[in-house]
Amino acid sequence: MASWLLLTLSFTSFVCCVYCKTPLFVGTLLPSEPNDFVFSPLTAPAVQLAVDHINAISNILPNHEIVLRLRDSACDIGLAGYELYRLLSKSDETKIALIGEACSTVTQPLAQISKYWNIPQVHAFAYGCKMILIKYDI
């Protein structure tokens, strides 16, 4: 009986490992309310749709799955900093990238902070050429 149970558990573990994907966590900081610069309530669903499309194509990231961790920044640097801390402090989730912020006044400080964790930040929504200079510490 014990050997049957051990064999069943081993097979179950094998099947689970064959079909499981390694999660790649991506932090996303976006304002949930419209502001003067961008209509952000439409941005988060668009980002999620793009991630869903990537995850659906098996040859793009085989054996991996992108998992978004959405946080509301409200275009406020204080709240965005707090939400960035919450994202990075989850020790069981290693973030590979950040998406956002939609407001340049928030994006710049977050990019300056996230570089110390070696986490790249993608921010196609922000405006202003000063963001390019952060990478080079100019």
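Residues numbered from 1 in each chain as written. Predicted model: local features only at pLDDT ≥ 70, side-chain atom pairs only at ≥ 80, totals over all residues. Heavy atoms only, no water.

K.L.:
Would you mind going over unusual backbone geometry in detail, with residue names and values included?
P.N.:
With a phi angle near 55 degrees, Ala74 is a residue other than glycine that sits in the positive phi range. The backbone of Asn118 sits at a positive phi, close to 55 degrees, despite the residue not being glycine. Checked against the element boundaries, Asn118 lands in the loop between helix H4 (104-114) and strand S4 (121-122). In this structure Asn118 comes out as exposed when scored by relative accessible area, which is 69%. (Helix = DSSP H or I, 4+ residues; strand = E, 2+ residues; numbered from the N terminus. Buried < 20%, exposed > 50% of the residue type's maximum accessible area, 1.4 Å probe, protein only.)

K.L.:
Give me H4: which residues, what numbers.
P.N.:
The periodicity of an α-helix, 3.6 residues per turn, causes residues three or four places apart in sequence to face the same way. Regarding H4, the residues found buried are Ser104, Val106, Thr107, Leu110, Ala111 and Ser114. Take H4 and look down its axis: the buried residues cluster within an arc of 150 degrees, on one side only. (Arc of directions from axis to C-beta.)

K.L.:
Any chance you could break down the nonpolar core for me, citing the residues and the numbers?
P.N.:
One finds Leu29, Ala80, Leu84, Leu87, Leu88, Leu98, Cys103, Val106, Leu110 and Ile119 forming the largest nonpolar core, which totals 10 residues. Elements with a minimum of two residues in this core: helix H3 (77-89) and H4. Sorting elements by how many residues they give to this core places H3 first, with 4 residues. The residues contacting Leu110, other than those within four sequence positions of it, are Leu29, Ala80, Gly81, Leu84, Glu101 and Gln121. In terms of nonpolar packing, the next biggest core, distinct from the first, is built from 7 residues, Val51, Ile66, Ala97 and Ile99 among them. (Core = buried A, V, L, I, M, F, W, Y, C linked by side-chain atoms within 4.5 Å. Contact = heavy atoms within 4.5 Å.)

K.L.:
Residues and numbers for the pattern of salt bridges, please.
P.N.:
Opposite charge on two side chains permits pairing when their charged atoms draw close. Scanning the entire structure with this criterion turns up 5 salt bridges. Its salt-bridge partner being Arg71, residue Glu83 comes within 3.4 Å of it at the nearest N-O pair. Placement of Glu83 in helix H3 and of Arg71 in strand S2 (residues 64-72) is noted, with a sequence separation of 12 residues between them. Pair check on accessibility: Glu83 and Arg71 agree, each one buried. If you follow the salt bridges from partner to partner, you end up with Arg69, Lys90, Glu93 and Lys95 in one network. (Salt bridge = Lys/Arg side-chain N within 4 Å of Asp/Glu carboxyl O.)

K.L.:
Please provide a residue-by-residue account of the packing of H3 against H4, values included.
P.N.:
Their axes nearest at 10 Å, the elements H3 and H4 cross at an angle of 30 degrees. Like other packed secondary-structure pairs, H3 and H4 cross with a definite hand, here right-handed. Where H3 approaches H4, its residues Ile77, Ala80, Gly81 and Leu84 are matched on the opposing element by Val106, Pro109, Leu110 and Ile113. Counted by class, the contact of H3 with H4 contains 7 nonpolar, 1 polar and no charged residues. (Axes fitted to C-alpha atoms, helices over the stretch in contact; angles between N-to-C directions. Left-handed = near helix turned anticlockwise from the far one by under 90°. Nonpolar A, V, L, I, M, F, W, Y, C, P; charged D, E, K, R; others polar.)

K.L.:
Go over the environment of Ile113, please, and point to the residues and values.
P.N.:
Mapped onto the elements, Ile113 comes out in helix H4. For Ile113 and Tyr85, which are 28 residues apart along the polypeptide, the C-alpha to C-alpha distance reads 10.0 Å.

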